[in-house]
Structure formats: C-alpha cells, structure tokens
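Given next are the chains, with one letter for each unit.
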Amino acid sequence: MIFYFSGTGNSAWAARQLARLTGDAAYDITRLKELPDVQNAWQIGFVFPVYAWGAPEIMADFAKNLPRSGVFAFGVCTCGGDTGFAMKQFSKLYPLCSSYSLLMPNNYIIGSDTDDVGEIIQKLTAAREELRQMARQIRRKERIYRVHEGALAGIKSRLVNFGFNKFARSTKPFFATDSCNGCGLCAEHCPASAISLRDGKPVWAAHCFQCLRCIHACPQQAIQYGKATSGRRRYTIQTYLPQNEQF
Ligand SMILES: Cc1cc2nc3c(=O)[nH]c(=O)nc-3n(C[C@H](O)[C@H](O)[C@H](O)COP(=O)(O)O)c2cc1C
Ligand code: SF4
Ligand code: SF4
C-alpha cells in the first residue's frame, strides 16, 4: 500500500509509477473514505512533496496515526531542489527501512518562478529512470538512504521549517483577479476543502495545506498570492504526461 499526498501532481505520479512497478496500489490520503486493511499489506510506502525541508503536516499526521504492521516500509519525498532532514524526521513518525528523494519540477512559485519547459522535461526524464531503480530496490527490500539533503540541513529542517509552519502558511495573501470566470474548479479540487465561492469568486478559509494546487491549476491563471506570483509560470504535471499516465 502506497499512500501519497500531492499538490500539483508530482508526488501522485511518482506514487502511481511506484505502485505500477512494484505491483501495488496507490492511495491519495486526502480521498480515503476509510483506511484500507494495513495489517494485510506486504509493504507500506509514503510519497509526498517536501515543504520547507520537512514533510507536509497532513502527511506527518497521517503517518503518525497509521497502525504499524511490521512490513517493509519506504518513503519518497519529491522536491524541487533539496530536502534537508525531512526523511530522517519523517522516519521518527513512522519507521522507514528505505528513504529516497526524487528531484521533480519546482512548484513553489511564492519563492521563485517555476522551472522552464526544458528543465521540467529534463527532470521528468531523470525521475522516470530513478523511479525504475527505486522500484527494483524496493522489490528486493534493500535498505537504502538516498536523499539529497543539501547544505545546512539541520537549520533548514528545524528552524526554517518551524517558521514556515508557524508564520508562512497564511491564506490571507490569496486572491482571484478579474480573469476569474467563477468556474469553481479551485474549490472543487482543493485537498483541504479550504476554498468556497462567494458571489462567483473564490474565498479562502483561514488555514490550508499551502500545496499551491489552486494557483497552478486555475485554467484562467486568475489566482495570485500577494505580489509574489504575478508574472510567474504555472505548473501541473498533467501537461507533461503521455495519455496512458494521466490521472
Ligand atoms: C509550500 C512549499 C514548500 C516547498 N519547499 C521545498 C523545499 O524545502 N525544498 C525543495 O526542494 N522543494 C520545495 N518545494 C517544491 C516541492 O517540494 C516540489 O515541487 C514537489 O515535487 C511538489 O510536489 P507535488 O506536485 O506532489 O505537490 C516546496 C513546495 C511548496 C508548495
Ligand atoms: S479555478 Fe480559477 S477561474 Fe475557476 S473559480 Fe477558481 S479562480 Fe476562478
Ligand atoms: S487553498 Fe490552494 S494552496 Fe491551500 S490547500 Fe487548497 S488548493 Fe492547496
């Protein structure tokens, strides 16, 4: 059983690829009506994006509360650059036999622009090969720690991650511009159910996961986050997937 959380599709795609390559099933934790029978799983996997050099809170809470089953467990965090100690910290919530990071297109447009098309294609090509290798090692139950922690990992994963979760996750800067046509897709697809439509325009609840799906997936590119996201490219993995890998 491979459990995943994903904002813009990178982690969903990686989880689905790993499920296919290891003969397993992938579950979106935000869509689970009830928990599958983990006691009958022959492996447990977690796939998620790294947020400020840590695991997203929703994934950390899910893993902490998941009943332990004693089978081979692995974790993969997708990242735009480096992960700090995200996987070491996650392994304290749910003990992992193997940990990996997977370099994927960067979706954090609050910080900087997304990768350009060339970089995106390059990253996805390399990720396909890396996923094949991971799957081979997972099938053999090899114990691996292949994580690109980057520099200053401790400071990033402790101090910066704390600051991010405490101060930087505000929904206040979100707004929809006049390009919004009231289609409602942002509200429908928000994994935190944090968006509703008022007078045909989205409004945000006080808290959300900051997965940035709403910004990236709006067909009108009408959503902005303060001044930071104006003029920056949008990214979702769907644009780059062949027909047989769409989800
Ligand atoms: C709130 C937020 C924080 C992020 N922090 C990091 C980070 O610390 N390091 C990094 O390499 N990428 C970071 N990213 C980029 C994502 O981890 C990366 O693009 C990931 O593959 C997105 O996965 P998804 O498409 O499944 O949501 C961040 C993205 C978001 C939205
Ligand atoms: S998805 Fe975009 S266009 Fe549709 S309601 Fe939301 S902000 Fe408006
Ligand atoms: S409001 Fe936007 S950024 Fe926040 S959880 Fe929903 S889709 Fe993600």
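As the structure is a computational prediction, the values presented were derived from the model and not from experiment. (Residues numbered from 1 in each chain as written. Chains lettered and ligands numbered in written order. Predicted model: local features only at pLDDT ≥ 70, side-chain atom pairs only at ≥ 80, totals over all residues. Heavy atoms only, no water.)

What follows covers the packing of aromatic side chains. Throughout the structure, instances matching the rule amount to 11 aromatic pairs. Taking 6.5 Å as the distance between ring centres and 85° as the angle between the ring planes, the aromatic pair formed by Phe 5 and Tyr 51 counts as edge-to-face. Here Phe 5 is found in the loop between strand E1 (2–4) and helix H1 (10–22), whereas its partner Tyr 51 is found in the loop between strand E3 (43–49) and helix H2 (57–65), with 46 residues between them in sequence. Seen from their ring centres, Tyr 235 and Tyr 240 are 5.9 Å apart, and the 25° between their planes marks the pair as stacked. Given the relative accessible area of 25%, Tyr 240 is considered partly exposed. (Phe/Tyr/Trp six-rings, centres within 6.5 Å; stacked < 30°, edge-to-face > 60°. Helix = DSSP H or I, 4+ residues; strand = E, 2+ residues; numbered from the N terminus. Buried < 20%, exposed > 50% of the residue type's maximum accessible area, 1.4 Å probe, protein only.)

By domain assignment, the protein chain separates into domain 1 (2–164) and domain 2 (170–238). On a C-alpha basis, the centroid separation for the pair domain 1 and domain 2 is 24 Å. In this complex, domain 1 contributes 25 residues to the contact, which on the side of domain 2 involves 17 residues. For the pairing of domain 1 and domain 2, the buried interface totals around 1900 Å² over both sides, and the portion due to carbon and sulfur atoms is 63%. Contact with domain 2 buries surface across domain 1, with Thr 8, Ile 109 and Ile 110 losing the most and accounting together for 33% of the total. For the pair domain 1 and domain 2, the interface holds one salt bridge. Here domain 1 and domain 2 share nine residue pairs in polar contact (both at pLDDT 80 or more) between them. Put simply, the parts of the chain that give the side of domain 1 that touches domain 2 at least two residues each are H1 and helix H4 (117–139). (Domains from an automatic or database assignment. Contact = heavy atoms within 4.5 Å. Buried area = accessible area lost by both parts, 1.4 Å probe. Salt bridge = Lys/Arg side-chain N within 4 Å of Asp/Glu carboxyl O. Polar contact = N/O pair within 3.5 Å; in protein donor to acceptor, adjacent residues only side chain to side chain.)

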